[in-house]
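# Tertiary structure, described
If you want the building blocks of each chain, they are given just below.
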Amino acid sequence: MKNFYVTTPIYYVNDAPHIGHSYTTVLADILTRFHKILGYQTFFLTGTDEHGQKVQRAAEKRGVTPQEHVDEYYHRFEDLWKKMGIGNDFFIRTTMPEHKAFVQECLQKLWDKGEIYSKEYEGWYSVGEERFFGEDELDENKCDPISHRPVEWLKEKNYFFKMGSYQQKLIDFLESHKDWIVPDYRWNEIRGFLRQPLNDLCISRPKARLSWGIPLPFDTDYVTYVWFDALLNYVSASTAFHKTYADGTPIWPATYHLIGKDILTTHSVYWPTMLMALDIPLPQHILAHGWWLVNGGEKMSKSAGNVVNPMDYMEKYGIDAFRYFLAREMVVGQDANFTHDAFVRRINSDLANDLGNVLNRVHRLVLNNFEGKLPAATSIGDAEKEVIDLANKVIAEIKEGLPQARLSQSIETIMQLVRSINRYLEVKAPWKLAKDPSLKDELATVLYVSAEAVRLSLCLLWPVIPGKAEEGLAMIGCKFQSADDLAWGILKGGEAFGEGKPLFPRIEEEVKKPEAQPKPKQNKPLMAADVPAAMDMRVAQIKEVADHPDATSLYVLKVDAGEGELRTICSGLKNSYKAEELQNRKILLFANLKPSALRGIMSQGMLFAGDLDNEAHTCRLVSVPEDAKPGDRALFKGVAPNEPRELKVKDFEKIALSVKGGAVFCDTLALEVNGKPVTCDVADGNGVH
RNA sequence: GGCGGUUUAGCUCAGCGGUAGAGCACUGGAAUCAUAAUCCAUUGGUCCGGGGUUCAAAUCCCUGAACCGCUACCA
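The shown structure was predicted, so the numbers you read here are calculated from the model rather than taken from an experiment. Here the residue numbers are simple positions, counted from 1 along each chain's written sequence. Numbering of ligands from 1 and lettering of chains from A proceed in the order in which they are written. A pLDDT threshold of at least 70 governs which residues receive local features in this predicted model, and a stricter bar of 80 or more applies before side-chain atom pairs are shown or counted, although totals over entire chains, interfaces and linings include all residues. For side-chain calculations, the full set of non-hydrogen atoms in the structure is used, while hydrogens and water are omitted.

## Focus on the overall build of chain A
Tallying secondary structure elements over chain A gives 21 helices and 30 strands in all. Buried positions account for 52% of the 689 residues belonging to chain A. With an accessible surface of roughly 32,200 Å², chain A has 50% of that area assigned to carbon and sulfur atoms. Helix numbering and strand numbering both begin at the N terminus, where a helix is a DSSP run of H or I of at least 4 residues and a strand a DSSP run of E of at least 2. When accessible area is computed with a 1.4 Å probe and restricted to protein chains, residues below 20% of their type maximum are described as buried, those above 50% as exposed, and intermediate ones as partly exposed. The method behind every accessible area is Shrake-Rupley, applied with a 1.4 Å probe, and residues are considered shielded solely by the protein chains displayed.

Quick look at the structure:
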């Protein structure tokens, strides 16, 4: 018997469940059910991650023990999954004694093998930020550069897993398993990531700082930090709790780890190296899906009145409609939009108009003409063969497409069968046949073939809409019992139809037509000669200076460019200026430069400075006239400014600014503010950037 | 900056050397068993731009643009 073991990430117990959690879990549920109807033995795992600082703090705040806190909070997930008809076989919690014992066993094994070592770390520790900072990262008062609270010098020992030593082994594995990560472009990303040296992984926290965790078996003053604690759930659940499938074959390794694209690195780098060290077989696939963009990513604002909370849709339109939309609308791997209009359109056209309606048609026809008892087919003609052939083809395609988890496509394939039934009914017009008693046999055939095709459609859709599929099957007097039912000819005739009402009532709400998006104007490449006129350079005043928390040579400045709001600029001036020298200084800002993140902080522009010493990477800021005010524009003499347009560094690099006689020039064009020259105190001929 | 991806009908996407496709939306018609549902037909495309390879390019190569992802002390 073939096996299928799928996992979701364990969700952090403190998080409020949202569309992201729901999607992964629904996806896992649907994949499990698809495998089930194809005769696989399945195991489906989800759960909660219950250790860590946030839980510890939340519990303290509420005045309960961490255990009491998580015992209460994990229900938010468990209850939601029950409500959504999620059929997980086990719900693991990282606070379960069996899991903790398993984690400790693994840690001890690695310690004994010498795969874990301890290292002393020394540095300035900020309690507020829970992390270390380097000497050069501290702010001017020798305080934490983010919260500006005092830091303390801390010498701390921690434990590290020798992850780096598995780099080559992991690369070799990936090279021989190109389908290990789905979609393939994610494989590529990880392969790229591994071109740089892989560091060892810090896996501990001293108990003094974090008490709510699993103690290291070889040093009980420490707990293990998230990685071993959380990731090992996939193995502990399938070895410490449930070991084998019904037929005795072991459950581990997992067939698929379903994850969001945000935790790709932990699952495809940290996790496999951990398993390699432990001599545990690796999972067969990692499947990273995209994100649901709600409310147009963030473009649509609340004031636009189209804010959508996806979780409300489950309540309002039913679990199965919600599941169907999630599965049909998102191409696995890519991001997708969750919009009200798309939801209504999708549910109405697929589930109400096509599936629900055709079921209702057949149901009523049998009720009205055969007193609710399905007749048997009398003769199979060409039109019937066409339906039967399509049904068989669809079943084959589902079987074939399943390993790639191409859900939206599989569903579309099933819908083709559904639509073919409506077409068949239209061609045969059983309501006309019913008017002539001599055509009763032909009528019987039409209704039998339609009913059987509806039955198959419902069975095929059962993984996606289990509740409604069962309801629909009951309407035509049958049940879905085993994988053998996934074939033509299970209905025999004589089945008594049940009660019936529309399976998916049409959502009677107005929906906007999809709007044409104005095509983005093709920006012509900017010629070097166009650059000076396109640059928006403004006088700005530095209001705040802070050190960049993660970079040694960068300041994070807040500058006033006369726009009301302050701009954040990251600037590599640490080698050239002290913070107090910069405070309140007037500078020249390149304002229409495309913003970009520098070591995690968005920088909205760039300052002009002349090169002082290329070796030492020092520079001198350009000076603007004394009377210039923030917001005043700097222009090249004789060049009229163009319409503002966002520029890229690449565009800027097409021209060269340099110093001549203490003033700044672009070739022969002098740079001026209010008619007075912009100057810079560096040697003639030096560049300005 | 480095690496990678995407760009095809109004919308969402498939096709990845051999006459441009699907679903939804639009327009017209048919039908009346059914949830104002269905069916048929029609409409709608410089397959991002430019160059090249080929008998043949949406598809392969080069180049430009826009957007996106990973990565990086370019600011």
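Having seen the structure, we can now continue with the description.
## Comments concerning the sheet that holds strand S13 (residues 285-289)
Pairing between the strands of a sheet is mediated by backbone hydrogen bonds and can be parallel or antiparallel. The criterion for strand pairing is that DSSP finds at least two bridges linking the strands in question. The six strands are arranged S3-S2-S1-S12-S13-S7 in an open sheet whose pairing can be described as parallel. Either end of the sheet is taken by a strand with one partner, and the two such strands are strand S3 (90-93) and strand S7 (181-182). When S7 meets S13, the two strands line up parallel, connected through two bridges. Opposite isoleucine 181, over in S13, you have isoleucine 286 as the bridge partner.

## Here's the deal with the confidence of the model for chain A
In this model, chain A carries a mean pLDDT of 87, and residues with pLDDT of at least 70 account for 90%. Across chain A, the secondary-structure element scoring lowest on mean pLDDT is strand S5 (residues 131-133), at 61, and the one scoring highest is S3, at 98. Across the chain, each position has a pLDDT score giving the predictor's confidence in that residue, from 0 to 100. Note on definitions: a residue-residue contact is assigned when non-hydrogen atoms from the two residues lie within 4.5 Å. Between residues 298-305, whose pLDDT stays under 50, and residues either more than four places distant or in other chains, the model counts five contacts. With pTM at 0.86, the complex prediction returns an ipTM value of 0.93.

## Quick word on the packing of helix H14 (residues 382-401) against helix H17 (residues 440-461)
In this analysis, axes come from line fits to C-alpha atoms, helices being fitted only over the stretch in contact, and the angle between any two N-to-C directions falls in the range 0 to 180 degrees. Their axes nearest at 10 Å, the elements H14 and H17 cross at an angle of 10°. Here H17 runs roughly parallel to H14, going by the angle between their axes. Two secondary-structure elements touch here, H14 through Glu384, Val387, Ala391, Val394, Ile395 and Ile398 and H17 through Thr445, Val449, Ala453, Leu456 and Leu460. By residue class, the composition of the contact of H14 with H17 is nine nonpolar, one polar and one charged. The cut-offs work like this: below 35 degrees is roughly parallel, past 145 is roughly antiparallel, 65 to 115 is roughly perpendicular, and the gaps in between are oblique. Each residue gets one of three labels, nonpolar for Ala, Val, Leu, Ile, Met, Phe, Trp, Tyr, Cys and Pro, charged for Asp, Glu, Lys and Arg, and polar for the others, Gly among them.

## Let's talk about unusual backbone geometry
Residue proline 183 is bonded to the preceding valine 182 through a cis peptide linkage, with omega at -5°. Looking at the secondary structure, you find proline 183 in the loop between S7 and helix H7 (184-193). In this structure, proline 253 follows tryptophan 252 across a cis peptide bond, with omega equal to 5°. Phi angles above zero are rare outside glycine, and alanine 429 is one such case at about 40°. Locating alanine 429 in the fold gives a position in the loop between helix H15 (407-428) and helix H16 (430-433).

## Overview of the protein's contact with RNA strand B
Neighbouring residues of RNA strand B: 54 residues in total, closest Arg361, Thr552, Cys570, Gly572 and Arg599. Backbone atoms, meaning sugar and phosphate, form 69% of the atoms of RNA strand B found within 4 Å of the protein. Here a base nitrogen of RNA strand B and a side-chain polar atom of arginine 361 are 2.5 Å apart. Two N or O atoms form a polar contact when they lie within 3.5 Å of each other; inside protein one atom must be a possible hydrogen donor and the other a possible acceptor, and for residues adjacent in sequence the pair counts only when both atoms belong to side chains. The separation between a sugar or linking oxygen of RNA strand B and a polar main-chain atom of serine 571 is 3.1 Å. Among the residues making up the surface near RNA strand B, the classes are represented as 17 nonpolar, 19 polar and 18 charged. We define proximity as follows: a residue is near a molecule or strand when any one of its heavy atoms falls within 4 Å of that partner.

## Quick look at the pattern of salt bridges
Basic side-chain nitrogens of Lys or Arg form a salt bridge, by our definition, when they fall within 4 Å of a carboxyl oxygen of Asp or Glu. Inspection of the entire model under this criterion finds 26 salt bridges. The salt bridge involving arginine 93 is made with glutamate 50; its shortest N-O contact spans 2.8 Å. Within this pair, whereas arginine 93 is found in strand S3, its partner glutamate 50 is found in the loop between strand S2 (41-49) and helix H2 (53-62), the two being separated by 43 residues in sequence. By relative accessible area, glutamate 50 is classed as buried at 0%. Across the pair arginine 62 and glutamate 72 runs a salt bridge, and its minimum N-O distance is 2.9 Å. Highlighted residues: arginine 62 in helix H2 and glutamate 72 in helix H3 (residues 66-73), separated in sequence by 10 residues. Given a relative accessible area of 45%, glutamate 72 falls into the partly exposed group. Salt bridges sharing partners connect three or more residues here, namely Arg328, Asp354, Glu412 and Arg419.

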